[in-house]
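Residues per chain are reported as follows:
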Amino acid sequence: MSPTRAAIADAKRVVVKVGSSALTTAGDGLDVARLDALVDAIADRVSRGAQIVLVSSGAIGAGLAPLSLGKRPRDLATQQAAASVGQLALAHAYAESFGRFSLTVGQVLLTSDDVVRRAHYRNAQNTFTRLLALGAVPVVNENDTVATEEIRFGDNDRLAALVAHLIGADALVLLSDVDGLYDGDPRDGATRKIAEVAGESDVDGITVGMSSSGLGTGGMVSKLAAARTAAGAGIPVLLAAASEAARALTTAEVGTAFAAADSRLSARRFWLGYAAGASGKLHLDDGAVAAVVRRRRSLLAAGITGVDGDFQAGDVVDLVDLRQRTVARGVVAFDSGELPDLVGRSSHDLPAEQRREVVHADDLVPLRR
């Protein structure tokens, strides 16, 4: 067994995420047999001393059949209506299923606003800590009934990665209808499953697609992004089929394992890099990208080539390279209106009151891509 899989198998605090396609069908709604099989695996892990937080999709899918909807609606209002019906069914099903093992379930509904805003982030953190201390199993979902296009997570894979760091998880297990990461479309017989991902170079050039079930919003794109986010922040990740949940939560010898980075980001730096909303963009030349990403230096005005957005000093901004890729995020020290007169200029050419870092190294987080 690889060190990564051993770490996942031995983890004391685990976030488990399950997708809509693993729990629901468009015609029949919630599949209780599948849900019970998942709960069986989680309850067994809990009985062996682990704390589990379950991030579960399926509210919208569970609401389709009761509302006589043949497929997942595209408009937000109907999605929210389906979620309001389906979330009740989903919560009831989990309470009944975990009750077979005398386990109490606590429902936690989040929007991205709850993670982006630091005060909300701390409140959510405190709630999870208390639920786990009381022996409950928190069941998390995006709050689809109130989320808008601007604040919704978009998929629960990202939500699971954020929750994993928020609660200080030792491992993240992503369960779906695919049994791992492939180097192409798994329906193509010529593709190969990747068993271990030790670093970014192992997934360079991998082409992945969106969900084909019609029930979820994610797919391998979002799962790979979530795995990279969590692993880059110091949390090992296992991507496996929901049908193999029992093995995933015991030996972890299924699916694809993503090794964790050597060090775990602090809560503030993780929030800054992956949870906070960006108010604008700073475009960097190659020299500035190298200084910020590889040498972990502060960003100076001389390395900036352009400014996008309307922001104030103290806001979070994306730092992008010449190919328009976001390479880092940070807290900017100037208002957007001040920066156009500063970009490209050396510090000694600036007025004394403006000779400071645009983004200080202490307020900057390079992003793994």
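All values derive from a computational prediction rather than experimental measurement.

Parameters at a glance
All residue numbers here refer to positions counted from 1 along the written sequence of the relevant chain. Only residues with pLDDT of 70 or above have their local features reported here, since the model is predicted, and side-chain atom pairs are shown and tallied only from 80 upward, although totals for entire chains, interfaces and linings are computed over all residues. Computation of side-chain values: all heavy atoms of the structure, hydrogens and water removed. Between Lys or Arg on one side and Asp or Glu on the other, a salt bridge is scored when a side-chain nitrogen of the former is within 4 Å of a carboxyl oxygen of the latter. Under the scheme applied here, a residue whose accessible area is under 20% of the maximum for its type counts as buried, over 50% as exposed, and between as partly exposed, the area being computed with a 1.4 Å probe on protein chains only. As used here, the term nonpolar core means buried Ala, Val, Leu, Ile, Met, Phe, Trp, Tyr and Cys residues forming a set that is joined through side-chain atoms within 4.5 Å. Starting at the N terminus, helices and strands are each numbered in turn, a helix being any DSSP run of H or I of at least four residues and a strand any DSSP run of E of at least two. Here, residues are in contact when the closest pair of their heavy atoms is within 4.5 Å. UniProt positions are given in the numbering used here, feature names are shortened, and annotations may be inferred rather than shown by experiment. Under the rule applied, a polar contact is a pair of N or O atoms within 3.5 Å (in protein, one hydrogen donor and one hydrogen acceptor; residues adjacent in sequence only if both atoms are side-chain atoms).

J.: Break down the pattern of salt bridges for me, with residues and values.
T.: With the rule as written, the count across this model stands at 12 salt bridges. Between Asp-44 and Arg-48 there is a salt bridge, with its nearest N and O atoms 3.3 Å apart. A residue is classified by how much of its surface remains accessible, and Asp-44, at 35% relative accessible area, is partly exposed. For Arg-48, a relative accessible area of 40% puts it in the partly exposed group. The salt bridge involving Arg-325 is made with Asp-321; its shortest N-O contact spans 2.9 Å. Through salt bridges that share partners, Lys-17, Asp-157 and Lys-223 make up one connected network.

J.: Describe the nonpolar core, naming the residues involved and giving the relevant values.
T.: Judged by nonpolar contacts, the single largest core of 50 residues is most densely connected at Val-15, Leu-172, Leu-181 and Phe-258. At the level of secondary structure, the elements contributing two or more residues to this core comprise strand E4 (51–56), strand E5 (105–110), helix H6 (118–133), helix H7 (156–166), strand E7 (171–176), helix H8 (220–232), strand E11 (237–241) and helix H10 (267–275). Looking at this core element by element, the count peaks at 7 residues for H7. With near-sequence residues (within four places) excluded, Leu-172 lies in contact with Val-15, Ala-160, Ala-161, Ala-164, Ala-230, Ile-235, Pro-236, Val-237 and Leu-238. Ranked by size, the runner-up nonpolar core spans 42 residues in total, among them Ile-8, Leu-38, Ala-240 and Val-254.

J.: Summarise the UniProt feature "binding site: substrate" (unreviewed entry) in the protein chain; cite the residues concerned and give the values.
T.: According to UniProt, the feature "binding site: substrate" (unreviewed entry) maps to Ser-57, Asp-144 and Asn-156 in the numbering used here. As for its position among the elements, Ser-57 is in the loop between E4 and helix H3 (59–64). Residues within four places of Ser-57 in sequence aside, it is in contact with Lys-17, Val-18, Gly-19, Ser-20, Leu-23, Leu-90, Asn-141 and Asn-156. Following the sequence through the fold, Asn-156 ends up in helix H7. For Asn-156, a relative accessible area of 7% puts it in the buried group. Those residues in contact with Asn-156 that lie beyond four places of it in its chain are Lys-17, Val-55, Ser-56, Ser-57, Asn-141 and Glu-142. In terms of polar contacts, Asn-156 uses its side chain to reach the side chain of Ser-57, at 2.9 Å.

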